Amino acid sequence: MYVCVCVSVCVAHEPRQLFVTPSLGGVCVCVCVCPPEPHQLCVTPSLGCVGEIMQPSGHRLRDVEHHPLLTENDNYDSSSSSSSSEADMADRVWFIRDGCGMICAVMTWLLVVYADFVVTFVMLLPSKDFWYSVVNGVIFNCLAVLALSSHLRTMLTDPGAVPKGNATKEYMESLQLKPGEVIYKCPKCCCIKPERAHHCSICKRCIRKMDHHCPWVNNCVGEKNQRFFVLFTMYIALSSVHALILCGFQFISCVRGQWTECSDFSPPITVILLIFLCLEGLLFFTFTAVMFGTQIHSICNDETEIERLKSEKPTWERRLRWEGMKSVFGGPPSLLWMNPFVGFRFRRLPMRPRKGGPEFSV
């Protein structure tokens, strides 16, 4: 029997939290030199030790909100805990109740609908070339449908959230930790952090392989929905280019002919609608093309945007280039990579509010 005492110095009044299972039975107490912060202890009966849970250094997000480790005597809703399991989450729709995110998502849909309205009713239907109108109408509307479908899949897919409240003694026993093995606990959502997981302050969850939180899709981009986000940026960029090309042809035809004949709307209204569509197309194309390139680069290098910005040294075996693409899109290269409907199935409909989280499920 031995006693191990560790001292951790706080940086900017934020304690770092680390959980160590010593190689011998005993007591391991990690003291954080930061009086205002409460100590957090967890017990692993299998090893007969008591350890301080501390936050990982450097490459982990720092958290200032602390929750004690859950035990079987704590007042935690068992039904909520069980509903947080991955098997149950896979059968439920994920949605984040964030005001800014919902406004941005609605704006995205309205802008796409506006572009479709201008392309269809201002440029294509008044055209005297039947096949020009049909071919371009089918192409643009297909791109718009695929873009909006990818947006929905990105927004309503669980990005890889770690179940809340799994930092229990029972769960730690089931992990069968080896002597000296280090695990991490998020003090905000009281869960054991897997490797490469980060806590999102908007989703209020730890997300596996979190790349970033995007308000335009009202969700985090993580392990399970990165594919749909890449498709969303790609289809928006393609539809933007197509709309800009159609606008160019429309201006040329109107200048060469009569403005009153090239559109069913009055010339001033037609010009205003086309100018707004050009501005929207340029803005959307610039943004989505950059995001698409960034995502492909991150996938091919097996490095998320957070890991790149924080210059984290990889402690995992990297999947480079095609291996990374296969892991995100699934399987060998095929046309199925371009399909946002792959794997889609209807979810449960009854409302089941979650305790303490910003998301709800249907």
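On to the overall build of the protein chain, then. Counting its secondary structure elements, the protein chain contains 9 helices and 14 strands. In the protein chain, buried positions account for 46% of the 362 residues. Put simply, of all contacts in the protein chain between residues at least 6 apart along the chain, 70% involve residues at least 24 apart. Surface exposure of the protein chain reaches about 18,500 Å², of which carbon and sulfur atoms provide 67%.

Turning our eyes to something else, we now look at unusual backbone geometry. Positive phi outside glycine occurs at R196, with the angle close to 70°. Secondary-structure assignment places R196 in the loop between β8 (191-193) and β9 (197-200). Residues other than glycine seldom take positive phi values, yet D302 does so here, at roughly 50°. Following the sequence through the fold, D302 ends up in the loop between α7 (267-301) and α8 (305-309).

Take the packing of α7 against helix α9 (residues 322-329) next. Two numbers describe a pair of packed helices, the interaxial angle and the distance between the axes. Close contact between α7 and α9 brings their axes to 6 Å; oriented N to C, the two are set at 110°. The orientation of α7 relative to α9 falls into the category roughly perpendicular. Contacts between α7 and α9 pair I296, I299 and C300 from the former with G324, M325, V328 and F329 from the latter. Of the residues assigned to the contact of α7 with α9, the class counts are 6 nonpolar, 1 polar and no charged.

Side chains R205 and I207 project from strand β10 (residues 205-208) onto one buried face, and the interleaved C206 and R208 project onto a second face that is buried too. Where β9 lies against β10, 4 bridges are found, and the strand directions are antiparallel. Of the residues in β10, the one forming a bridge with A197 is R208. Joining the antiparallel neighbours β9 and β10 is a turn of 4 residues, in which K204 adopts a positive phi near 60°.

Another point: the pattern of salt bridges. For the structure on display, the rule yields 4 salt bridges. With its nearest N and O atoms 3.1 Å apart, the salt bridge here joins R196 to D302. Of this pair, R196 sits in the loop between β8 and β9 while D302 sits in the loop between α7 and α8, and the two are 106 residues apart along the sequence. Pair check on accessibility: R196 and D302 agree, each one buried. A salt bridge links R196 to E307, with the shortest nitrogen-to-oxygen separation between them at 2.8 Å. With a gap of 111 residues between them, R196 in the loop between β8 and β9 and E307 in helix α8 connect regions that are remote in the sequence. Each member of the pair, R196 as well as E307, carries the same accessibility label: buried. Several salt bridges converge on common partners, so that one network encompasses R196, K209, D302 and E307.

Taken as a whole, this structure holds 5 aromatic pairs when the rule is applied. With a centroid separation of 5.2 Å and an interplanar angle of 25°, the aromatic rings of F329 and W337 are classed as stacked. Its relative accessible area of 7% is what places F329 among the buried residues. Taken together, the ring pairs connect F117, F121 and F265 into an aromatic cluster.

Attention now goes to the confidence of the model for the protein chain. When the pLDDT values of the protein chain are averaged, the result is 74; 69% of them are 70 or greater. Scored below 50 in pLDDT, residues 1-87 shows 197 contacts in the model against residues more than four places distant or in partner chains. Contacts for the low-pLDDT stretch residues 349-362, under 50 throughout, to residues beyond four places or in other chains number 46 contacts.

This paragraph deals with the nonpolar core. F229, Y235, I236, I299 and F329 are the most contacted members of the largest nonpolar core, which totals 22 residues. Those elements that place two or more of their residues in this core are α4 (130-156), α6 (226-256), α7 and α9. Per element, the largest residue contribution to this core is 7 residues, and it comes from α6. Membership of the second largest hydrophobic core comes to 14 residues, among which are V119, L246, C247 and L274.

A separate point is the state of the cysteines. Going through the model one piece at a time under the given rule, you end up with 1 disulfide. Linked covalently through their sulfurs, C254 and C262 form a disulfide whose S-S length is 2.1 Å. Here the disulfide of C254 and C262 is right-handed, its torsion about the S-S bond being about 105°. By relative accessible area, which is 12% here, C262 ends up buried. Between C247, a free cysteine, and C278, which holds the nearest cysteine sulfur, the sulfur-to-sulfur gap is 3.8 Å. Judged by its relative accessible area of 1%, C247 is buried.

At their nearest, the axes of α6 and α7 sit 8 Å apart, and the two run at 145° to each other. Of the two possible hands of crossing, α6 and α7 adopt the one that is left-handed. Grouping the amino acids of the contact of α6 with α7 by side-chain chemistry returns 21 nonpolar, 7 polar and no charged.

Mapped onto the secondary structure, Y171 falls in helix α5 (residues 169-175). For the pair formed by Y171 and I192, sequence separation is 21 residues and the distance between their alpha carbons is 9.2 Å. Here Y171 is in contact with N166 and I192, once residues within four sequence places are set aside.

Basis of the calculations
Residues numbered from 1 in each chain as written. Predicted model: local features only at pLDDT ≥ 70, side-chain atom pairs only at ≥ 80, totals over all residues. Heavy atoms only, no water. Helix = DSSP H or I, 4+ residues; strand = E, 2+ residues; numbered from the N terminus. Buried < 20%, exposed > 50% of the residue type's maximum accessible area, 1.4 Å probe, protein only. Contact = heavy atoms within 4.5 Å. Areas by Shrake-Rupley, 256 points an atom, 1.4 Å probe, with all protein chains shown as cover. Axes fitted to C-alpha atoms, helices over the stretch in contact; angles between N-to-C directions. Parallel < 35°, antiparallel > 145°, perpendicular 65-115°, else oblique. Nonpolar A, V, L, I, M, F, W, Y, C, P; charged D, E, K, R; others polar. Pairing = 2+ DSSP bridges. Salt bridge = Lys/Arg side-chain N within 4 Å of Asp/Glu carboxyl O. Phe/Tyr/Trp six-rings, centres within 6.5 Å; stacked < 30°, edge-to-face > 60°. pLDDT = per-residue confidence, 0-100. Core = buried A, V, L, I, M, F, W, Y, C linked by side-chain atoms within 4.5 Å. Disulfide = S-S within 2.5 Å. Left-handed = near helix turned anticlockwise from the far one by under 90°.

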